Amino acid sequence: MGILKKLNCCLCKKELRVTRRTKLQNGEYICDECRRATHPYAHLDRCNKEEVQSMILQMQKDEKLFEDNKVSMEKVHFVCGIHKYTLYTDEYEKVFVIDTIETEMFKYKPIFQVNQVKAYSHINTEKMSVNDEGIRYVTIVAKLDDKGKPRIYYVKFLYDNPKIQKVKIRFEATYVKEARAFCKALNTFIQKNKVE
Ligand SMILES: [Zn+2]
């Protein structure tokens with residue numbers, strides 16, 4: 001009869017709207033509200049329902065940890081127009097938290113372990129690298145427009161987690177100074193605290 005099957009969020013069971021849903025690995029969907037509780041950089045197409053559920057629980061635990069320790073963490077703050085970028089670092093726990101354009105839509109801030117950051121080695125897929133001094137864990141790359149001018153800068157790093165493999169923090173081209181400073185601050189922290 002051609003009646004469209006109604007789809008529901010596999011976590012909260014809410015009925016889904018076509019434009020507001022995320023597909024999981026096995027073809028099930030979650031709603032935007034549930035997506036907001038997951039990791040901002042997660043590849044949900046590589047997760048099943050159970051993995052998403054445990055990711056949300058982990059995010060809630062991380063958020064609690066972050067809220068409890070936030071005050072004592074080192075903070076670097078960048079203002080880029082209407083957007084604020086904050087890097088929180090904790091030398092004792094060897095973790096950092098990023099609060100950026102990408103994370104502000106999400107419920108919980110992601111906590112990253114320094115030792116799970118891998119040196120970034122896939123920059124050759126990009127058109128340009130603006131930061132090439134020595135070994136870098138965090139790299140800044142530019143996305144160029146038709147005329148070869150930088151349109152957007154990404155501060156990128158690879159993360160050793162099959163569900164969160166690549167982290168890309170976006171900066172408008174006018175904020176290259178801030179993007180570089182963010183990249184440098186993160187690199188310095190990782191280089192200082194990473195145990196080889
Ligand atoms: Zn839901």
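Before reading further, recall that the structure is shown in the block above.
Cut-off values and rules
Residues numbered from 1 in each chain as written. Predicted model: local features only at pLDDT ≥ 70, side-chain atom pairs only at ≥ 80, totals over all residues. Helix = DSSP H or I, 4+ residues; strand = E, 2+ residues; numbered from the N terminus. Buried ≥ 20, exposed ≤ 12 C-beta atoms within 10 Å, placed from the backbone. Core = buried A, V, L, I, M, F, W, Y, C linked by C-beta atoms within 7 Å. Contact = placed C-beta atoms within 7 Å. Pairing = 2+ DSSP bridges. Axes fitted to C-alpha atoms, helices over the stretch in contact; angles between N-to-C directions.

Draft legend 1. Representation of the overall build of the protein within the structure. Scanning the protein from N- to C-terminus turns up three helices and 11 strands. Listed by position from the N terminus, the elements making up the protein come as β-β-α-α-β-β-β-β-β-β-β-β-β-α. Here the protein, with 196 residues, has 29% of them falling under the buried criterion.

Draft legend 2. Representation of unusual backbone geometry. At K13, a position not held by glycine, the phi torsion is positive, near 70°. Checked against the element boundaries, K13 lands in the segment before β1 (21-23). Although it is not a glycine, K94 adopts a positive phi angle of roughly 60°. With respect to the helices and strands, K94 occurs in the loop between β4 (83-90) and β5 (95-99).

Draft legend 3. Broad picture of the nonpolar core. Of all hydrophobic cores here, the largest spans 43 residues; its most connected members are F96, V138, V155, A179, F182, C183 and L186. A total of six residues in this core trace back to one element, the largest contributor, which is helix α3 (residues 176-193). Leaving out residues up to four positions away in the same chain, V155 has contacts with V138, I140, I169, F171, A179, F182 and C183.

Draft legend 4. Inspection of the sheet that holds strand β3 (residues 74-80) at higher detail. Strands sit in the order β3-β4-β5-β6 across an open sheet of four strands; the sheet is antiparallel. The sheet terminates laterally at β3 and β6 (111-113), the two strands that pair on one side only. Within this sheet the neighbouring strands show an average axis-to-axis angle of 20°, counted without direction. When β3 meets β4, the two strands line up antiparallel, connected through seven bridges. For V79, the partnering residue across the bridge sits in β4 and is K84. Contacts from α3 reach β3, β4 and β5, with the element oriented near 10° to β4.

Draft legend 5. Expanded view of the pairing of strand β9 (residues 139-144). As defined by bridge partners, β9 adjoins strand β10 (residues 150-159) across six bridges and the pair is classed as antiparallel. Bridge pairing in β10 places K143 opposite I152. A loop of five residues connects β9 with β10, the two strands running antiparallel in sequence, and G148 in this loop sits at a positive phi of about 80°.

Draft legend 6. Layout of the environment of K149. Among the secondary structure elements, K149 is positioned in the loop between β9 and β10. For K149, a count of 9 C-beta atoms within 10 Å corresponds to the exposed category. Sequence separation between K149 and A173 is 24 residues, and the spatial gap between their C-alpha atoms is 8.9 Å.

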